[in-house]
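One letter stands for each residue in the lines below.
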Amino acid sequence: MTRIFHPVVAALASLTLVAPISAQQKAVQSGNTSKSTLDRTKIPTAAKAADLRVPSWTKATLADGAELVVSEKHDLPLVSFSINFVGGAAQYEPAGKTGLGSIVGQMLTEGTTHRTGDQISNDLQLLGTGIGAGVGSESGRVGFTSTADKFEKTLAILADVLENPSFPQEALDRLKGRLNVQLLQNRDRTTGIAGVVFPKVLYTTDHPYGVSLTPETLASITRDDVASFYKSYFQPGRAIITVVGDITPAAAKAAVDRELAGWASGGSMPKFTYPAVPASKPTTIYLVDKPGAAQSTFAIGAPGPARDTPDYYAIRVMNEMLGVLFQSRLNHNIREVKGYSYGVFSNFAFGKGPGAFRAGGDIVTAKSDSALIEFMKELRDIRGPRPPTDDELKQAKASLVQSLPENFASVNGINASIGQLYVQGLPQDYYQQFARAVNAVTADDVVRVAKTYIDPDHLAIVIVGDRTKIEAPLAATNIAPIVHLDVNGNVVDR
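Throughout what follows, the structure given in this document is the object of discussion. Because the structure is predicted, anything quoted here is derived from the model rather than measured.

## Looking at the overall build of the protein chain
Working step 1: A tally of regular secondary structure across the protein chain gives 18 helices and twelve strands.
Working step 2: Across the 494 residues in the protein chain, those meeting the buried criterion constitute 45%.
Working step 3: Across the protein chain, every contact between residues at least 6 apart in sequence was considered, and the portion connecting residues at least 24 apart equals 81%.
Working step 4: A total of about 24600 Å² of accessible surface is found on the protein chain, and carbon and sulfur atoms cover 54% of it.
Working step 5: Treating the 48 positive side-chain charges of the protein chain as one cloud and the 48 negative ones as another, the clouds have centres 5 Å apart.

As structure tokens, this is what we get:
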């Protein structure tokens with residue numbers, strides 16, 4: 001692009017830039033500058049914690065078997081709509097078809113018997129909204145957020161997408177091609193490799209929690225597989241429809257009855273039965289070679305408890321102080337004090353089955369051995385040698401309790417929160433009782449659950465990094481023997 005210099009424009013621009021400086025100079029010369037009263041040597045007083053306001057909702061069972069939950073929120077002309085499905089890929093994917101559920105979710109908006117994928121996209125853009133669909137490990141969802149006056153028109157498009165998908169072959173080929181690229185990219189990243197190897201080491205591929213999408217399983221997925229999964233999964237008998245926003249329960253039910261009238265009855269709630277996890281093994285380092293890696297990805301853990309464990313609240317409090325908060329023990333030690341990483345964490349997956357406990361992060365290659373020593377130190381200390389202080393316990397509880405009100409600040413947040421109650425099978429007063437349950441956790445509870453669910457003598461330590469640089473230092477720590485795996489999690493000879 002050719003730029004034209006104009007002397008008048010240049011002069012005006014120069015005056016504009018100079019003016020604020022001149023005003024500042026005048027203020028200084030007149031002694032009329034204001035002095036800040038903020039004392040930066042003192043920690044500001046925290047504002048009062050937000051009050052938790054959990055809205056009420058109505059519930060009805062529709063003729064097709066789906067449950068309809070409606071919560072009114074009239075301060076903004078918005079409506080959040082979701083169809084939540086109980087159960088997911090772990091319950092409905094056939095053996096050898098890992099990733100099929102996710103593909104079907106993404107294919108729903110690629111076309112119907114009435115609209116092409118482009119027409120669906122254009123129609124939604126004219127309404128100022130979009131439809132999201134996905135199938136996770138233990139649940140699925142189709143939904144949207146729209147303005148109140150566009151709610152019924154958007155719902156009509158969602159009904160078309162849900163009831164009449166055409167699953168065009170060319171769209172499936174395009175999606176599989178994109179996923180293949182992502183798989184190749186993941187194999188070139190230490191984090192992507194650890195994401196495949198860690199669950200396989202913990203659960204093996206005989207357990208739904210241990211399998212991942214591979215190029216081979218992706219290549220085996222056909223359009224017939226997509227259509228078959230869709231037919232068996234998207235059934236109203238396992239659906240909870242949640243509607244939140246500027247709408248009444250009567251209006252929501254009338255719209256759903258009208259627009260989803262063609263959704264045939266069928267389906268039932270799944271049973272969440274899982275095979276037993278492999279017997280625990282003595283702590284082992286599973287080393288995956290990634291030549292030239294600047295960082296090593298750590299994934300340290302073991303199968304953990306299911307979401308319905310009575311220790312849920314004590315585990316949440318313990319984990320906050322171990323690896324969730326920025327000032328948590330792991331992050332404070334390994335990032336702030338030692339400088340080995342930009343950030344490390346710990347997490348409990350809390351599935352319907354034995355979701356994994358995992359601690360880890362990306363560590364600078366030269367400090368992989370030192371970081372492992374610190375990880376193991378913190379995992380042992382929280383089991384009793386260094387019990388939680390009163391300040392740690394207070395911070396962990398405050399973080400959990402004070403973060404809850406923001407979940408109910410928007411129609412989408414409320415919708416997701418209410419939907420989780422039904423998908424997870426939680427009590428209706430779960431959120432009202434959350435603070436009481438968290439605040440009842442004691443320091444002894446924290447130590448007890450740490451001893452129960454974190455056993456430093458029986459952990460899988462997956463480390464993906466440059467073997468030539470990290471293996472000898474890791475072996476010298478004498479923390480655990482080393483087993484070599486490839487990027488797919490298979491044992492390889494040295």
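So much for the structure itself; the text now carries on.
## Side note on helix H12 (residues 329–337)
An α-helical turn contains 3.6 residues, so any two residues separated by three or four positions project in the same direction.
Working step 1: Of all the positions in H12, only Arg329, Leu330, Asn331, Asn333 and Ile334 are classed as buried.
Working step 2: Against the buried residues of H12 lie helix H11 (312–324), strand S9 (344–348), strand S10 (356–364), helix H13 (368–381) and helix H14 (390–402).
Working step 3: Following H12 by one or two positions, Gly339 has its phi on the positive side, about 75°.

## Some details on helix H15 (residues 411–424)
Working step 1: Compared with the 20 Å implied by 1.5 Å per residue over 14 residues, the 20 Å span of H15 between its first and last C-alpha is a close match.
Working step 2: Of all 14 residues that make up H15, ten are buried, and the element is covered over most of its length.
Working step 3: Along H15, the positions that sit buried rather than exposed are Val411, Gly413, Ile414, Asn415, Ser417, Ile418, Gly419, Leu421, Tyr422 and Val423.
Working step 4: Close packing links the buried residues of H15 with strand S1 (58–61), strand S2 (67–72), strand S3 (78–86), strand S5 (139–147), strand S6 (239–245) and helix H16 (430–439).
Working step 5: Of the residues flanking the end of H15, it is Gly425, one or two places downstream, whose phi is positive at about 70°.

## Details of the packing of H11 against H16
Working step 1: Relative orientation of the contacting elements H11 and H16 amounts to 65°, with a least axis distance of 10 Å. Remark: the crossing between H11 and H16 carries right-handed chirality. Contacts between H11 and H16 involve Tyr312, Tyr313, Arg316 and Val317 from the first element and Tyr430, Phe434, Ala437 and Val438 from the second.
Working step 2: Of the residues belonging to the contact of H11 with H16, the class tally is seven nonpolar, no polar and one charged.

## Here's the deal with the pairing of S2
Working step 1: Burial of S2 is extensive: five of the six residues sit out of reach of the surface.
Working step 2: Pairing between S1 and S2: four bridges, direction antiparallel. Within S2, the position partnered with Thr61 by the bridge is Glu67.
Working step 3: Between S1 and the antiparallel strand that follows it, S2, lie five residues; Gly65 among them carries a positive phi value of about 105°.
Working step 4: Here S2 pairs with S6 via six bridges, running parallel. Residue pairing in the sheet places Glu72 in a bridge with Gly245 of S6.

## Digging into the nonpolar core
Working step 1: Val317, Met318, Leu372, Phe375 and Ile463 are the most contacted members of the largest nonpolar core, which totals 59 residues.
Working step 2: The element best represented in this core is H11, accounting for seven residues.
Working step 3: Excluding its chain neighbours within four sequence positions, the residues that come into contact with Phe375 are Phe298, Ile300, Leu330, Ile334, Val344, Ala359, Gly360 and Ile363.
Working step 4: In this structure, Tyr92, Leu100, Val142 and Leu183 belong to the second largest nonpolar core, which totals 50 residues.

## Some remarks on the sheet that holds strand S8 (residues 295–303)
The strands making up a sheet associate through backbone hydrogen bonding, with each pair oriented either parallel or antiparallel.
Working step 1: Spatial ordering of the open sheet is given by S9-S10-S8-S11-S7-S12, a layout of six strands whose pairing is mixed. The two strands at the open ends of the sheet, each matched to only one other strand, are S9 and strand S12 (482–485). Taking each pair of neighbouring strands and ignoring which way they run, the sheet shows an average axis angle of 20°.
Working step 2: In this sheet, S12 lies alongside strand S7 (residues 284–289) in parallel orientation, the contact comprising four bridges. Across the sheet, Leu287 pairs through a bridge with His484, a residue of S12.

Parameters and conventions
- Residues numbered from 1 in each chain as written.
- Predicted model: local features only at pLDDT ≥ 70, side-chain atom pairs only at ≥ 80, totals over all residues.
- Heavy atoms only, no water.
- Helix = DSSP H or I, 4+ residues; strand = E, 2+ residues; numbered from the N terminus.
- Buried < 20%, exposed > 50% of the residue type's maximum accessible area, 1.4 Å probe, protein only.
- Contact = heavy atoms within 4.5 Å.
- Areas by Shrake-Rupley, 256 points an atom, 1.4 Å probe, with all protein chains shown as cover.
- Lys, Arg positive; Asp, Glu negative; His and termini not counted.
- Charge placed at Lys NZ, Arg CZ, Asp CG, Glu CD.
- Expected span 1.5 Å × (residues − 1).
- Axes fitted to C-alpha atoms, helices over the stretch in contact; angles between N-to-C directions.
- Left-handed = near helix turned anticlockwise from the far one by under 90°.
- Nonpolar A, V, L, I, M, F, W, Y, C, P; charged D, E, K, R; others polar.
- Pairing = 2+ DSSP bridges.
- Core = buried A, V, L, I, M, F, W, Y, C linked by side-chain atoms within 4.5 Å.

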